[in-house]
Amino acid sequence: MIPVILLTGFLGSGKTTLLARLIREPEFARTAVIINEFGEVGLDHELVGRSDESFVELTTGCLCCKVRSDLVETIVEMLARRDAGVVMVFERIVIETSGLADPAPILHALMTAPGLSGRIRLADIVTTIDAATGVVTLALEAVSMKQVAVADRVLLTKTDLTAGVPVVLSQQLDALNATAPREIVIDGRWPGAATLGGMRDGEEVVHLAERLDLAAAARAHDADDRHHLDGITSFVIRRSAPLAAVALTLFLEALAEQCGSDLLRLKGLVAVAEHPEQPAVVHGVQHVFHPLTWFERWPSRDHDTRIVCIARGVSRGFVEALLSAIEAEVAEVQGMPD
Amino acid sequence: MQALLVRLLAESVRQWRVPARVAIDTDGAVRVIGLGREIVVTRAGDDLPFRWFVKVTTPGQAAAQRPALSVVSVLRQVRLQLDPAYEKQRIRVAPPPVLPPLADPSGVS
């Protein structure tokens with residue numbers, strides 16, 4: 001499946017500069033690009049400096065509201081042209097959102113469009129943050145917080161203007177998404193670009209769970225989580241005993257039902273009792289979930305179930321209690337001891 | 001099981017920011033009191049096709065009792081009583097591919 005990379009970040013945070021440099025790198029030569037610009041006349045394609053047929057600009061509105069169907073149709077059409085040999089055989093797709101876009105509906109569109117099923121996989125969500133203005137933006141703009149909260153990677157731009165990353169900004173990023181690795185990008189130069197879209201789902205979850213464990217350990221001295229911005233927090237739910245398949249299903253349904261759009265992202269590597277030798281990968285954005293996929297084998301010696309939640313106003317205590325109650329009830333119904 | 005249900009409901013009312021109290025009676029009934037209502041959750045008998053009863057008493061109205069298939073159903077019923085803004089979301093699962101993947105000329109899989 002073709003990896004799709006979502007490049008998001010608030011207005012002026014350096015997305016287009018990054019993209020322009022990225023697609024000039026030899027390893028990104030076979031990349032299709034979709035740019036969404038909010039406004040009547042798009043300029044980003046000029047700034048990026050490409051205009052071949054694997055480059056599409058959507059300017060009719062913001063991706064997260066008006067042009068979601070346009071996005072899906074565009075990708076379907078690009079894939080058809082690629083299959084027919086009309087455009088280059090691109091190996092990845094990069095979508096640059098407008099700076100005002102809420103990434104969640106875009107992720108929904110990518111995950112649920114029947115025409116894209118089996119053809120693309122959401123590989124990476126990259127969020128740019130302007131080190132010079134990020135503190136204020138994150139304090140004032142809810143959409144900016146969401147862009148950070150769902151990120152797989154956070155790229156800090158313009159650190160040359162601030163002589164490093166401001167401490168307050170680091171604290172804000174810790175609060176919103178302690179797990180996403182942060183890297184510094186100056187003038188669009190990103191040393192880690194080669195790894196973009198390279199990780200498979202399961203590996204990504206393992207890395208994420210490890211980072212969450214580290215973040216939790218680092219915060220162990222601070223029991224008060226209430227300072228999190230806009231109530232967004234991230235935590236990992238661990239289980240050493242495999243989960244019954246029906247318990248996993250009920251848990252995901254109940255989470256979606258109870259938390260809805262407050263469940264910003266959920267990723268997990270799950271030991272399913274009926275098939276524990278292969279971990280199942282769960283992946284959801286708000287109430288929309290990918291179908292379960294299965295890893296061939298556990299990627300490390302850690303065979304615990306690890307479910308990572310990034311959510312707004314949803315407490316770890318609630319999620320833990322929900323899963324425990326469902327596990328106990330399923331065990332009781334199946335005649336097993338708790 | 002009831003202890004886990006008490007914990008779940010206590011965490012839930014905190015999350016919904018509803019001023020309510022959750023307690024367990026000596027007979028195992030779980031009681032949630034808030035917003036002028038009393039909700040009592042009891043186990044259904046083993047001979048019944050559901051697992052719980054949820055009984056809601058509102059001042060000036062006759063008590064209403066409904067069965068619940070699972071703790072998830074109990075949670076839903078309690079929330080409907082205590083959280084007027086609640087709109088449940090149904091899980092949506094992205095469609096799996098209905099055809100095997102095409103052979104890819106780039107070798108991307």
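Just so it is clear, the model here is predicted, and its values are computed rather than measured.

Draft legend 1. Here's a closer look at the interface of chain A and chain B. Across the boundary between the two partners, chain A contributes 44 residues, which contact 34 residues of chain B. Here chain A packs against chain B, burying approximately 3300 Å² in sum over the two surfaces, 57% of which is carbon and sulfur. Summed over the shared surface of chain A and chain B, the number is 4 salt bridges. Across the pair R51 of chain B and E332 of chain A runs a salt bridge whose closest N-O atoms are separated by 2.5 Å. Where chain A packs against chain B, one counts 9 residue pairs in polar contact (both at pLDDT 80 or more). For the side of chain A that touches chain B, the elements supplying multiple residues, two or more each, are β1 (2-9), α3 (68-83), α4 (103-112), α9 (245-259), β11 (288-289) and α10 (316-333) of chain A. The leading source of residues in the side of chain A that touches chain B is α10 of chain A, at 12 residues.

Draft legend 2. Representation of the nonpolar core within the structure. Residues and elements named next belong to chain A. Among the nonpolar cores identified, the biggest contains 55 residues, and F251, L266, V319, L322 and I326 are the most heavily contacted of them. If near-sequence neighbours (up to four positions away) are discounted, V319 is found in contact with F235, I237, F251, L255, C309 and V314. Within the second largest apolar cluster, 45 residues are counted, among which are L71, I93, L122 and A180.

Draft legend 3. Spatial organisation of the packing of aromatic side chains. A complete count under the given rule lists 1 aromatic pair over all chains for this structure. Ring geometry for F50 of chain B versus F53 of chain B: centroids 5.2 Å apart, planes at 75 degrees, classification edge-to-face. With respect to class, F50 of chain B is no different from F53 of chain B; both count as buried. A cation sits over an aromatic face here: R82 of chain A above F90 of chain A, 5.3 Å from the ring centre. The residue whose ring lies beneath R92 of chain A is F28 of chain A, and the NZ or CZ to ring-centre distance is 4.4 Å.

Definitions and limits used
Residues numbered from 1 in each chain as written. Chains lettered and ligands numbered in written order. Predicted model: local features only at pLDDT ≥ 70, side-chain atom pairs only at ≥ 80, totals over all residues. Heavy atoms only, no water. Contact = heavy atoms within 4.5 Å. Buried area = accessible area lost by both parts, 1.4 Å probe. Salt bridge = Lys/Arg side-chain N within 4 Å of Asp/Glu carboxyl O. Polar contact = N/O pair within 3.5 Å; in protein donor to acceptor, adjacent residues only side chain to side chain. Helix = DSSP H or I, 4+ residues; strand = E, 2+ residues; numbered from the N terminus. Core = buried A, V, L, I, M, F, W, Y, C linked by side-chain atoms within 4.5 Å. Buried < 20%, exposed > 50% of the residue type's maximum accessible area, 1.4 Å probe, protein only. Phe/Tyr/Trp six-rings, centres within 6.5 Å; stacked < 30°, edge-to-face > 60°. Lys NZ or Arg CZ within 6 Å of the ring centre and 35° of its normal.

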